[in-house]
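Summary of the model geometry
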Amino acid sequence: MRATHRSHGGNRDYWRLRWEAIEADGTTLNLARYPGRHAEATLARASGAVLEAGCGPGRVLRYYHGQGRRIVGLDFIEAPLHKLHGVDDTLPLLAGDILQLPFASGVFGCVLAFGLYHNLENGLNDALSETRRVLRHSGVLCASFRADNLQNRILDALSDSDGSSAGTHFHKMNYTEPEIRRCLSAAGFAVTDLEYVQNMPFLHKLALLRHRHDRFDEHSARAKGYQLSTLGEALQRTSMTLWPRHFCNVYVATATAV
Ligand SMILES: C[S@@+](CC[C@H](N)C(=O)[O-])C[C@H]1O[C@@H](n2cnc3c(N)ncnc32)[C@H](O)[C@@H]1O
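Since we're looking at a predicted model, the values are computed, not measured.

All right, on to the overall build of the chain then. Helix and strand counts for the chain come out as 10 helices and 9 strands. For 258 residues, the compact-globule estimate of 2.2 N^0.38 gives 18 Å, and the chain sits close to it at 18 Å. On the principal axes, the C-alpha backbone points of the chain span a range of 50 × 40 × 40 Å. Taking all 258 residues of the chain together, 40% fall into the buried category. For the chain, contacts bridging at least 24 residues in sequence account for 76% of all contacts bridging at least 6.

Pasting the structure below:
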């Protein structure tokens, strides 16, 4: 477990500023890439109501809302929730913290939590136990965790992190695969799948390796995925084929509530 620090006002402030700066997501979700591919595969094997914990501006939530299954969005930052209600007031949304979910026990058949748990400086075990509480027996959790690996160490070095906590605030936590498996199991989950996923490659930080139409437009990147140039794609494919554990960004775990 390794903490990343940055020179912003702290994790909650980071999300507040980030989400205040962009509009609600549209209803488009790329099902070939993270997180659309993982949401789609998880929902195919789960039944019952779905909680998207840490829904942010709502790309996953909006795509699945109205497709015949109840999906509720929750986030601890209110700005994106207000924006989402502004574009669609039928969306079931709640402000809340993953550490204390405002739901009765066992009400969900599925929890999707993309990019959520690594925002906790402390309390991953409590957050996973709380997630387990709201899932019914045999319910399914699909969650991504920032990987403690070479890719994220390079990304941190290219960002404004100085690698220490001096003069900086907690940004994200990074986990190894065994740590994730251990925490999920301790919280009452059986891990059925753990995939190495490239979400936001550090290559995207370099103009030469970024797709020429992709100028850090967060909105389009959120809908389509972070797109690379031909050379960037080739480098990414090679590194992910040869060293997926070291060059993924996130580990995506699917687990059943036992
Ligand atoms: C990486 S974003 C992912 C947004 C969305 N799941 C997606 O994939 O587009 C993580 C989200 O988790 C939310 N979050 C972080 N810590 C949280 C907490 N303790 N409780 C609830 N939401 C939290 C952030 O505000 C942010 O919207």
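Let's pick the thread back up.
A word on the site of the ligand. Around the ligand there are 17 residues in total, and G54, G56, F76, F114 and G115 lie nearest to it. Of the residues assigned to the shell around the ligand, the class counts are 10 nonpolar, 4 polar and 3 charged.

Another aspect to go through is the nonpolar core. Nonpolar side chains tend toward joint burial in soluble globular proteins. With 51 residues, the main nonpolar core has V60, V111, L112, A113, L141 and F145 as its most contacted residues. What L112 contacts, discounting residues up to four positions off in sequence, is A39, T42, V50, E52, V60 and C142.

For the rest of this paragraph, the subject is the sheet that holds strand β5 (residues 108–113). A sheet is described by the order of its strands in space; here 7 strands give the open sequence β4-β3-β2-β5-β6-β9-β8, paired in mixed fashion. Of all strands in the sheet, those bounded by a partner on one side alone are β4 (93–95) and β8 (189–197). Between one strand and the next, the sheet's axes are offset by a mean angle of 15°, whatever the strand orientation. Examined bridge by bridge, β5 and strand β6 (residues 135–146) share 5 bridges and lie parallel to one another. What sits directly across from L112, in β6, is C142. Docked against the sheet, helix α2 (residues 36–45) engages β2 (50–53), β5, β6 and β9 (250–257), running at close to 170° with respect to β6.

This paragraph deals with the pairing of strand β3 (residues 71–75). When you tally the buried positions in β3, you get 4 out of 5 residues, the bulk of the element. With 3 bridges connecting them, β3 and β4 associate as parallel partners. Bridge pairing in β4 links L74 to L94. Crossover handedness for the path β3 to helix α4 (residues 78–87) to β4: right-handed.

A separate point is unusual backbone geometry. In this structure, the amide linkage connecting Y34 to the following residue, P35, adopts the cis form with an omega of 0°. For P35, the location among the structural elements is in the loop between α1 (11–20) and α2. Its identity is not glycine, yet S138 carries a phi of approximately 75°, on the positive side. Mapping S138 onto the fold places it in strand β6.

What follows covers α2. Those residues of α2 that sit buried are G36, H38, A39, T42 and L43. The arc enclosing the buried residues of α2, seen along the axis, measures out at 160°, which places them on a common side. The exposed set on the far side of α2, more than 90 degrees from its buried face, consists of A44 and R45. Each element contacted by the buried residues of α2 is listed here: β2, α3 (59–64), β5, β6 and β9.

Moving on to the packing of helix α5 (residues 124–134) against helix α7 (residues 177–186). Where α5 meets α7, the closest approach of the two axes is 9 Å, and the angle between their N-to-C directions is 50°. It follows from the interaxial angle that α5 and α7 lie oblique. Crossing hand, α5 versus α7: right-handed. On α7, the residues touching L124, N125 and L128 of α5 are C183, L184 and A186.

Time to look at the environment of P102. Turning to its location among the elements, P102 is positioned in the loop between β4 and β5. Separated by 32 residues in the primary sequence, P102 and V134 have C-alpha atoms spaced 9.3 Å apart. Discounting residues that sit within four places of it in the chain, P102 has contacts with L94 and G96.

Right, let's talk about the environment of P244 for a bit. Here P244 shows up in helix α10 (residues 244–247). Counting along the chain gives 51 residues from P244 to D193, while the straight-line C-alpha distance between them is 15 Å.

For an α-helix the count is 3.6 residues per turn, leaving residues at separations of three or four pointing the same way. Three or more residues of α4 are buried, namely P80, L81 and L84. On an axial view of α4, the arc spanned by its buried residues comes to 100°, and they lie on one face. Opposite the buried face of α4, by more than 90 degrees, sit the exposed residues E78 and G86. Lining the buried residues of α4 we find α1, β3 and β4.

Criteria and thresholds
- Residues numbered from 1 in each chain as written.
- Predicted model: local features only at pLDDT ≥ 70, side-chain atom pairs only at ≥ 80, totals over all residues.
- Helix = DSSP H or I, 4+ residues; strand = E, 2+ residues; numbered from the N terminus.
- Rg over C-alpha atoms; globule rule 2.2 N^0.38 Å.
- Buried ≥ 20, exposed ≤ 12 C-beta atoms within 10 Å, placed from the backbone.
- Contact = placed C-beta atoms within 7 Å.
- Near = placed C-beta within 6 Å.
- Nonpolar A, V, L, I, M, F, W, Y, C, P; charged D, E, K, R; others polar.
- Core = buried A, V, L, I, M, F, W, Y, C linked by C-beta atoms within 7 Å.
- Pairing = 2+ DSSP bridges.
- Axes fitted to C-alpha atoms, helices over the stretch in contact; angles between N-to-C directions.
- Right-handed = clockwise from strand over helix to strand, strands pointing away.
- Arc of directions from axis to C-beta.
- Parallel < 35°, antiparallel > 145°, perpendicular 65-115°, else oblique.
- Left-handed = near helix turned anticlockwise from the far one by under 90°.

Everything listed here is a matter of coordinates, which is why it stays silent on function.
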